[in-house]
Amino acid sequence: DDGLILAGDVACDLDVIRETLGVCAAGFREVAFCVGNHDLWLERGGTSSDSFAKFGAVERACKDAGVAFGPAFVGGCVVAPVQSWHHASWDTEPDVEGWGRLPAAHECMVDFFRCRFPAGLDQKDDSVAKAFDKLNDAYGLENRVAELRAAHPGAPLVTF
């Protein structure tokens, strides 16, 4: 009754993601995957128009490989991958002082250069994070987890 949780950040190259999913699916009875930010980096010459389009391509790759992309019963656990994205409002720590001018996150964090989102979504505000949170609703995360927990009482809940 083995299972593997593949918690994202596998690769920015979609072919490498597909190959990795296939290898993991062949090596474990059950595999669950949650997209990481690096998986959504766009590549030169890649086929995805933006990072949400790539999200869809990764979801299809999971389906093709037989890998759970949403809530599932994996390895004796109820597994609930939560789609999310970072945003500045989570940073409640005071600014670092005494180091000179530290660049803002959007000036140095690779996500801001390698990810692109549809019009109206901007990583400098919380719109991308809210769009990812809406995906959890679209996938019925809360209801599906409740169904799995009812079907497997006592099974550990693992979320990532």
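For the structure itself, consult the block above.
Each chain has its residues counted from 1, running along the sequence as written. Local features in this predicted model are restricted to residues of pLDDT 70 or higher, and side-chain atom pairs are both shown and tallied only at a pLDDT of 80 or more, whereas totals for entire chains, interfaces and linings draw on every residue. The basis for the side-chain values is all heavy atoms of the structure; hydrogens and waters are excluded.

Novice: What is the right way to read unusual backbone geometry from this model?
Specialist: Residues other than glycine predominantly adopt negative phi, and peptide bonds predominantly adopt the trans conformation. If you check the backbone angles, D9 has positive phi at about 60° while not being a glycine. One can find D9 in the loop between β1 (3-6) and α1 (14-27). Judged by its relative accessible area of 36%, D9 is partly exposed. For the purposes of this entry, the term helix denotes a DSSP run of H or I that reaches at least four residues, the term strand denotes a run of E that reaches at least two, and both are numbered from the N terminus. Only protein chains enter the accessibility calculation, which uses a 1.4 Å probe; a residue whose area is less than 20% of its type maximum is buried, one above 50% is exposed, and one in between is partly exposed.

Novice: Please clarify how the pattern of salt bridges should be interpreted in this entry.
Specialist: In a structure, side chains of opposite charge can pair up when their charged atoms sit close to one another. Salt bridges are identified by distance alone: a Lys or Arg side-chain nitrogen within 4 Å of an Asp or Glu carboxyl oxygen. In total, this model carries 5 salt bridges according to the counting rule given. Its salt-bridge partner being E43, residue K54 comes within 3.6 Å of it at the nearest N-O pair. A residue pair is termed long-range when its members are at least 10 positions apart, and K54 in helix α2 (residues 51-65) and E43 in the loop between β2 (30-33) and α2 qualify at 11 residues. Take K54: its relative accessible area is 2%, and that puts it in the buried class. For E43, a relative accessible area of 26% puts it in the partly exposed group.

Novice: Just to check I follow, could you spell out the environment of D111 for this structure?
Specialist: Position of D111 relative to the elements: it lies in helix α4 (residues 111-114). Since its relative accessible area comes to 2%, D111 is described here as buried. Note on contacts: a residue pair qualifies if any of its non-hydrogen atoms lie within 4.5 Å across the two residues. Once residues within four sequence positions are removed from consideration, D111 is found in contact with N37, H38, W41, W85, H86 and Q123.

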